[in-house]
Amino acid sequence: MKEKEWLQYTINVKQKETYTIQRTVASDKDSAQLSLSVAGTKINNDVALPHTRGINNWQVVELPHVSLPSGKQVVRILVRKSECNLKRIRFAAETSKKK
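Reference entry: report on the structure contained in this document. Given the structure is predicted, the values throughout are model-derived calculations rather than measurements. (Residues numbered from 1 in each chain as written. Predicted model: local features only at pLDDT ≥ 70, side-chain atom pairs only at ≥ 80, totals over all residues. Heavy atoms only, no water.)

## Overview of the packing of aromatic side chains
The following threshold applies: Two aromatic rings, drawn from Phe, Tyr or Trp (for Trp, its six-membered ring), form a pair once their centres lie within 6.5 Å of each other, and the interplanar angle then sorts them: stacked below 30 degrees, edge-to-face above 60, tilted otherwise. Should the NZ of a Lys or the CZ of an Arg lie within 6 Å of a ring centre and within 35 degrees of the ring normal, that charge is described as sitting over the ring.
Summed over the entire model, instances satisfying the criterion amount to 0 aromatic pairs. Sitting over the face of the ring of W6, R76 holds its NZ or CZ atom 3.6 Å from the ring centroid.

Structure (structure tokens):
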């Protein structure tokens, strides 16, 4: 994904919960940044991505403590600066991580 490109997904949140959003990314640049919004509201500051030393060297970047209401939600990922590859996004309920 190049600077200012974005991906948008509609997800179905089964129950109101606090989640850790795990993004599997790769970048051969030092300055890549992503932002994430849900229902049109930016939920984090621009996140600097690690320089993974290759566009296929994947690393998980976590965004913890994201509260999502139940129901359909529109999630948008925006490349704020530089470029990167995005392989996967996972929403992990934080209560399940404590068990």
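Okay, back to it.
## Points about the sheet that holds strand β6 (residues 59-68)
This is how it is decided: If DSSP finds at least two bridges between two strands, the strands pair. Only DSSP runs of H or I with at least four residues qualify as helices, and only runs of E with at least two residues qualify as strands; both kinds are numbered from the N terminus onward. Axes here mean lines fitted to C-alpha atoms, for a helix over just the part in contact, with angles spanning 0 to 180 degrees between N-to-C directions.
Taken in spatial order, the 3 strands of this open sheet run β6-β2-β8, and their pairing is antiparallel. Each edge of the open sheet carries a strand with a single partner, namely β6 and β8 (85-93). Across the sheet, the mean angle separating the axes of adjacent strands is 20° when strand polarity is ignored. Here strand β2 (residues 17-26) pairs with β6 via 8 bridges, running antiparallel. Within the sheet, the bridge partner assigned to I21 lies in β6 and is L63.

## Re the nonpolar core
Here is the rule we go by: Residues enter a nonpolar core if they are buried and are Ala, Val, Leu, Ile, Met, Phe, Trp, Tyr or Cys, with the set joined through side-chain atoms within 4.5 Å. Burial here depends on accessible area, computed with a 1.4 Å probe over protein chains only, as a share of the maximum for the residue type. Under 20% is buried, over 50% is exposed, and the range in between is partly exposed. Pairs of residues are marked as contacts when any of their non-hydrogen atoms sit within 4.5 Å.
Formed by 21 residues in total, the largest nonpolar core has its most connected members in L34, L36, L49, L68 and C84. Among the elements of the structure, β1 (6-13), β2, β3 (33-38), β6 and β7 (71-81) are those that each provide at least two residues to this core. Per-element accounting of this core gives the leading share, 4 residues, to β6. In contact with L36, other than residues within four places in its own chain, are I21, T41, K42, I43, N44, L63, V75, R76 and I77.

## Observations concerning unusual backbone geometry
Phi angles above zero are rare outside glycine, and R53 is one such case at about 65°. Locating R53 in the fold gives a position in the loop between β5 (47-48) and β6. Phi at S82 is positive, roughly 70°, even though this residue is not glycine. Along the chain, S82 turns up in the loop between β7 and β8. According to the relative accessible area criterion, S82 is buried, its value standing at 13%.

## Let's talk about the side chain of N44
Under the convention used in this document: Pairing of N or O atoms within 3.5 Å defines a polar contact, subject to two protein rules: one partner must be a possible hydrogen donor and the other a possible acceptor, and residues neighboring in sequence count only if both atoms are side-chain atoms.
Here N44 shows up in the loop between β4 (41-42) and β5. Side-chain polar atoms of N44 contact the backbone nitrogen of L36, separated by 3.0 Å. The residues contacting N44, other than those within four sequence positions of it, are R23, L34, S35, L36 and L63.

## Thoughts on the environment of E5
Following the sequence through the fold, E5 ends up in the segment before β1. Setting aside residues no more than four positions away along its own chain, E5 makes contact with I77, L78 and V79. Within the structure, the side chain of E5 is placed 2.7 Å from the backbone nitrogen of K2, a separation counted as a polar contact.

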